[in-house]
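Residues per chain are reported as follows:
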Amino acid sequence: MCASGDYIKVYSTTTEECLHVLQGHSNLVTGIQLNPQNHLQLYSCSLDGTIKLWDFMDGILIKTFVIGYQSFALYALASSEGSVFVIVPKDNDERSGLFQLVSLKLPKLPGQEVEVNELQLILDSVSKSPKCTAFGREGEYVVSVSELHLLVCFFKKKKIYSFPLSSKHSDRNYFTCVACHPKEDCIASGHRDGKIRLWRNFNHKREYTFSTLHWHHDQVLDLVFSVEGTSLLSGGIESVLVQWRDGLDSKKEFLPRLGSTIEHISTSPDGTFLCTSHTDNKITIIHSNLRVSAVIQGLVKGGLVNTGLMVDPRTKALVLNGKPGHLQFYSLQNDKQLYNLDIVQQEYIHQYGLNQTELMKAAFDSKGNWLATVEQRRDRDIELELQMKFWAYDEQTQSFALNTRINMPHEDCVTGVCFRSTDESENPAPTLVTAGSNGQFKVWMLLADNDGETNQSIGWTCDFVGSYHNYQATNCCFSEDGSLLAVSFEKTITVWDSETWDLKCTFCHPPGTIQNLCFGRLSCCKYLLGSTSTGFLCSWNLLSCTLEWSAQLNVSVLQPDCLSENIAAISQTSEYSDLFVFQPSKPQPLCIQKNICRGRVQWAVFVPRDVPECIRAERYRWLSQSQFYFLTESHELMTFSTKTPEERLSPSSRQLAVEESLPLTPFHLLLGKHQQQTKEAAEVRKAPGQNSLAQDSPAVKELLHTPAHVLPSASFLCPIFINSLLVSKTNSSAGDVANEVEMESDMEDNESDEEVEVAEVHHQAPQAAAESLEDMTPTLSKAQEKELRRLRRMDYSWAASL
């Protein structure tokens, strides 16, 4: 389980699939803890002032405890049944910067939502970080670290001991995290200088001792003991998990190259697995022998998103900057990363202040056959290093392979990259246009080897160089059919013929540097839109070369939908950003959505749907063909959706994960085989017209699929269950009545002629069908009919097991 925003996600450690999304909190989830009294339940705390109890196996919210304080950390102990510990701001004022550790008595009252009134102060002036507070052996004491002080509070003695560190090196000695040994009186503390201190004999204030372990070159970000306390795990910026063994002396083992900074470490209750979470939004599941078992990679975050948001035409995956020097391909449907493409192909050095090569631009062609990337490195002491690479899609490896590398495609930074759009019927040579700050745009075309029979491509070369009064080129884009190219040069937009590269026209009203540029689509393909730094959004008519309309709007993102005429514009005029959806032919917006997020939106993209969605609300019909995603400045990927995160999970993958996680014990195999044979035998005996009323009953489904601890009382369920088994007479068909009469007649050994005649009447079909059956069905004597009924009553189910 992991906290993800205001959700809690439950993953399978075997299949890496997300099984449940626990939603109910209205603010950031700050802590999760297993219920020590029930290993199938989970506590969670949030900044919304509530603590929630979940059944994480079934994704059910059991109870909500309202405490009225923002909770920054949560701790649950086996020795404190019915109580939890949380860190809350002093006087419920986070701005004061003072926090307290308090104990909460959770009332056992009926109802879904219960208020908590019993709070007891444990420690004052603690850090709000969950990693700076830990509970000792069997919950006898609690330890908290802050700056240069370590506090130990003994519950039975009701004493608090303080152990300060020397302020000689001040900030280098600061505490960063703390952990307690599960079996012994030993405290491990991590520090900003990379050292780990092991504290012992701290139950006597003047006789305490500590030893030092040192491997990390930077601050220790997290510490945790193994379940039995035989080893200590530490992690930090080096992306290396360190395991200290054998009495926690200098003997250590390493698991290196985990990809990014280790933020959190945890162990499974049985000690089988370790788990690390990283700054790039990744969870690594590790066996106790330090071998990686699984990796759960979300959307990589933390670095600058220079490439913007793109959609891979082949996989429909979202593509953007990932790990340093990489492009990440992220599946929006499954909420997981597909793979990383190494663009820079250089080892990244984890060191602050070091200028390294960065991926700046990327673009796909319309069919997904080509990918163009631009990378640069700029330092104060050296000149600009610039490289452009062309990648061809390889069908065998199902990935992109480097085709052409071009050094210094421009003399200055590249400001725009776009491929020429082509129709499926056409097959022109692939064309790419780049714009640069040196005042030029360049046209790059693919050269093909015409001498050979296969007509294979050999590389890319520059075909044309254009400029306009030596102004800096800021943006470039092609029209929908690829016949026109628009390039903005500071305050002027130029339109070029893509066949001859002749300048057709220019637009320069109103004044202001052009920040965004795009063509209209479908029926609005004759319009060209641009936004300026002075806060204007303009639509130009390409047929009449006039300004169609303009609106005063400070646009930060301008994104067209490739499947419709709709265009989304995002503007920020206050603390929040607003969304406007319109068509280029008219300035009246189709939809206005205020306050879509806090802060500035960096990028946005329309992702085509596999199947158009039927949306009844007129103001949201612009989402029927494509789904709209946008990335905030805090690196949160957001979207508009009519489904909850739990509903967006793939049912097939979730069921597969559950099935694969079941243990295949010998008893399970034996019982499963017996149940399968019983089911097959029942299907053989089942009559074609028989209805499975019990299995299809909603009452039975509710009874079998709902966890036992949340079911209503048996007296409430019993009448519903019994009624679901009863057959209504009004719904009985003539065939059902005939079967009942026949069964009653078969159970009697001596039947009168009248009873036989009644059974024949009930089985009688329409007259036309009866006449056709008279010729085919032989007449049986009474002795033969009696023998046939005797054979029908015999049980032949034993034959199904053969």
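These numbers were taken from a predicted model, which means no experiment stands behind them.

Parameters at a glance
- Once a new chain begins, its residue numbering starts again from 1 and follows that chain's sequence as written.
- With pLDDT at 70 or above as the cut-off, local features in this predicted model cover only qualifying residues; side-chain atom pairs require 80 or more to be listed or tallied, and sums for whole chains, interfaces and linings still use all residues.
- The side-chain quantities take in all heavy atoms of the structure and omit both hydrogens and water.
- Secondary structure elements follow DSSP: runs of H or I of four or more residues count as helices, runs of E of two or more count as strands, with numbering from the N terminus.
- Remark: exposure states derive from per-residue accessible area (1.4 Å probe, protein chains only) relative to the maximum for the residue type, with buried under 20%, exposed over 50%, and partly exposed in between.
- Residue contacts are counted whenever heavy atoms from the two residues lie within 4.5 Å of one another.
- The method behind every accessible area is Shrake-Rupley, applied with a 1.4 Å probe, and residues are considered shielded solely by the protein chains displayed.
- Each salt bridge in this description consists of a side-chain nitrogen of Lys or Arg and a carboxyl oxygen of Asp or Glu lying within 4 Å of one another.
- Strand pairing is defined by DSSP finding a minimum of two bridges between the two strands.
- To obtain each axis, a line is fitted to C-alpha atoms, and for helices this fit is confined to the stretch in contact; angles are then taken between N-to-C directions over 0 to 180 degrees.
- By nonpolar core we mean a set of buried residues, namely Ala, Val, Leu, Ile, Met, Phe, Trp, Tyr and Cys, connected to one another through side-chain atoms within 4.5 Å.
- Two aromatic rings, drawn from Phe, Tyr or Trp (for Trp, its six-membered ring), form a pair once their centres lie within 6.5 Å of each other, and the interplanar angle then sorts them: stacked below 30 degrees, edge-to-face above 60, tilted otherwise.
- Criterion for a disulfide: a pair of cysteine sulfur atoms at a distance within 2.5 Å.
- We call two N or O atoms a polar contact when they sit within 3.5 Å, provided that within protein one can donate a hydrogen and the other can accept it, with sequence-adjacent residues counted only if both atoms are side-chain atoms.
- Residues enter a patch when their relative accessible area is above 30% and they make no salt bridge; the linking distance is 9 Å between like charges and 5 Å between nonpolar side chains (Val, Leu, Ile, Met, Phe, Trp, Tyr).
- On a scale of 0 to 100, pLDDT captures the predictor's confidence in every residue.

A. View of the overall build of the protein chain. Check the secondary structure of the protein chain and you find 10 helices and 55 strands. With 802 residues in all, the protein chain has 44% of them scored as buried. For the protein chain, long-range pairs separated by at least 24 residues make up 42% of all intrachain contacts whose partners lie at least 6 apart in sequence. Summing over all exposed atoms, the protein chain offers an accessible surface of approximately 43,200 Å²; the carbon and sulfur share of this is 50%.

B. Structural view of the pattern of salt bridges. Taken as a whole and judged by the stated rule, the model has 17 salt bridges. The salt bridge involving aspartate 124 is made with lysine 90; its shortest N-O contact spans 3.6 Å. In this pair, aspartate 124 is assigned in strand β12 (residues 119–126) and lysine 90 in the loop between β9 (83–89) and β10 (99–105), connecting sequence segments 34 residues apart. Among the residues examined, lysine 90 registers a relative accessible area of 28% and is labelled partly exposed. Between arginine 609 and glutamate 613 there is a salt bridge, and its shortest N-O distance comes to 2.9 Å.

C. Representation of the sheet that holds strand β55 (residues 637–639) within the structure. Overall, antiparallel pairing links the 3 strands, which are arranged β53-β54-β55 in an open sheet. At either margin of the open sheet sits one strand with a lone partner, and together these are β53 (601–608) and β55. On average, each strand axis in the sheet is inclined to that of its neighbour by 25 degrees, with strand direction left out of account. Direction of pairing for strand β54 (residues 626–632) relative to β55: antiparallel, over a ladder of 3 bridges. Along β55, the bridge assignment pairs phenylalanine 630 with methionine 638.

D. Local environment of the nonpolar core. If you look at the biggest cluster of nonpolar residues, it comprises 18 residues, and the most contacted ones within it are Tyr141, Val143, Leu150, Val152, Ile187, Trp199 and Phe202. Residue assignment for this core shows that the elements contributing at least two residues are β14 (141–146), β15 (149–154), β16 (159–164) and β17 (175–180). Filtering out sequence-adjacent residues up to four positions away, tryptophan 199 remains in contact with Leu150, Phe163, Leu165, Phe175, Asp185, Cys186, Ile187, Ser189, Tyr208, Thr209 and Phe210.

E. Expanded view of the packing of aromatic side chains. Enumeration over the complete set of coordinates arrives at 38 aromatic pairs. Between phenylalanine 507 and tryptophan 540, the ring centres sit 5.4 Å apart and the planes meet at 25 degrees, which makes this aromatic pair stacked. Pair noted here: phenylalanine 507 is in strand β44 (residues 503–507) and tryptophan 540 is in strand β47 (residues 536–541), with a separation of 33 residues, a long-range link. Residue tryptophan 540 is classed as buried on the basis of its relative accessible area of 3%. Summarising the aromatic geometry, the rings of tryptophan 622 and phenylalanine 640 are spaced 6.0 Å apart at their centres and angled 75 degrees between planes, so their arrangement reads as edge-to-face.

F. The sheet that holds strand β24 (residues 252–255), seen in detail. Reading across the sheet, the 4 strands line up as β21-β22-β23-β24 and stay open at both edges, with antiparallel pairing between neighbours. Sheet topology places β21 (220–225) and β24 at the edges, where each strand pairs with a single neighbour. Neighbour-to-neighbour, the strand axes of this sheet turn through a mean angle of 20 degrees, independent of strand direction. Here strand β22 (residues 232–236) pairs with strand β23 (residues 241–244) via 3 bridges, running antiparallel. Opposite leucine 233, over in β23, you have glutamine 243 as the bridge partner.

G. Examining the environment of glycine 530 more closely. Structurally, glycine 530 can be placed in strand β46 (residues 527–532). As for glycine 530 and cysteine 518, which are separated by 12 residues in sequence, their C-alpha atoms are 6.6 Å apart. In contact with glycine 530, other than residues within four places in its own chain, are Asn516, Leu517, Phe536, Leu537, Cys538 and Trp540.

H. Spatial organisation of unusual backbone geometry. At glutamine 398, a residue that is not glycine, the phi angle is positive and equals roughly 55 degrees. In this fold, glutamine 398 is placed in the loop between β35 (385–394) and β36 (399–407). Of note in the backbone geometry, asparagine 470 takes a positive phi value of approximately 60 degrees without being a glycine. Here asparagine 470 lies in the loop between β40 (457–467) and β41 (473–478). Given a relative accessible area of 70%, asparagine 470 falls into the exposed group.

I. Structural context of the side chain of threonine 492. Checked against the element boundaries, threonine 492 lands in strand β43 (residues 492–497). If near-sequence neighbours (up to four positions away) are discounted, threonine 492 is found in contact with Tyr468, Val487, Thr506, Phe507, Cys508 and Ile514.

J. Broad picture of the pairing of β47. Most of β47 sits out of view: 5 of its 6 residues are buried. When β46 meets β47, the two strands line up antiparallel, connected through 5 bridges. Bridging across to β47, glycine 530 finds its partner in cysteine 538. Here β47 folds back onto strand β48 (residues 546–552), and the loop between the two strands holds 4 residues, one of which, cysteine 545, carries a positive phi near 55 degrees.

K. The arrangement of the state of the cysteines in detail. Summed over all chains, the structure comprises 0 disulfides. Unpaired in terms of disulfides, cysteine 418 finds its nearest cysteine sulfur in cysteine 476, a separation of 3.6 Å. Using a relative accessible area of 11% as the deciding quantity, one classes cysteine 418 as buried.

L. How the structure looks around the environment of threonine 474. Considering the arrangement of structural elements, one finds threonine 474 in strand β41. Once the C-alpha coordinates of threonine 474 and isoleucine 514 are considered, the two residues, 40 residues apart in sequence, prove to be 7.4 Å apart. Each residue touching threonine 474, except ones within four places of it in the same chain, is listed here: Thr415, Ser488, Glu490 and Ile514. A distance of 3.3 Å separates the side chain of threonine 474 from the side chain of asparagine 475, its partner in a polar contact. Within polar-contact distance, the side chain of threonine 474 engages the side chain of serine 488 at 2.6 Å.

M. Main features of a nonpolar patch on the surface. On the surface, Phe721, Ile722, Leu725 and Leu726 cluster together into a nonpolar patch covering about 340 Å² of accessible area. Position of leucine 726 among the secondary structure elements: in the loop between α6 (714–725) and α7 (734–746).

N. Main features of the side chain of lysine 389. By secondary structure assignment, the location of lysine 389 is in strand β35. Overall, the relative accessible area of 2% leaves lysine 389 in the buried class. For lysine 389, the side chain forms a polar contact with the main-chain oxygen of isoleucine 343, separated by 2.8 Å. Each residue touching lysine 389, except ones within four places of it in the same chain, is listed here: Ile343, Val344, Gln345, Leu371, Ala372, Thr373, Glu375, Leu402, Thr404 and Arg405.

O. A look at the confidence of the model for the protein chain. Per-residue confidence for the protein chain averages 83 on the pLDDT scale, and 81% of its residues sit at or above 70. Segment residues 650–662: pLDDT under 50, and 11 contacts once partners within four positions in sequence are set aside and those in other chains are kept. Scored below 50 in pLDDT, residues 686–693 makes 2 contacts in the model with residues more than four places away or belonging to other chains.

P. Just the environment of leucine 213, in detail. In this structure, leucine 213 sits in strand β20 (residues 209–214). Put simply, leucine 213 and isoleucine 196 are 17 residues apart on the chain and 4.9 Å apart in space, counted from C-alpha to C-alpha.

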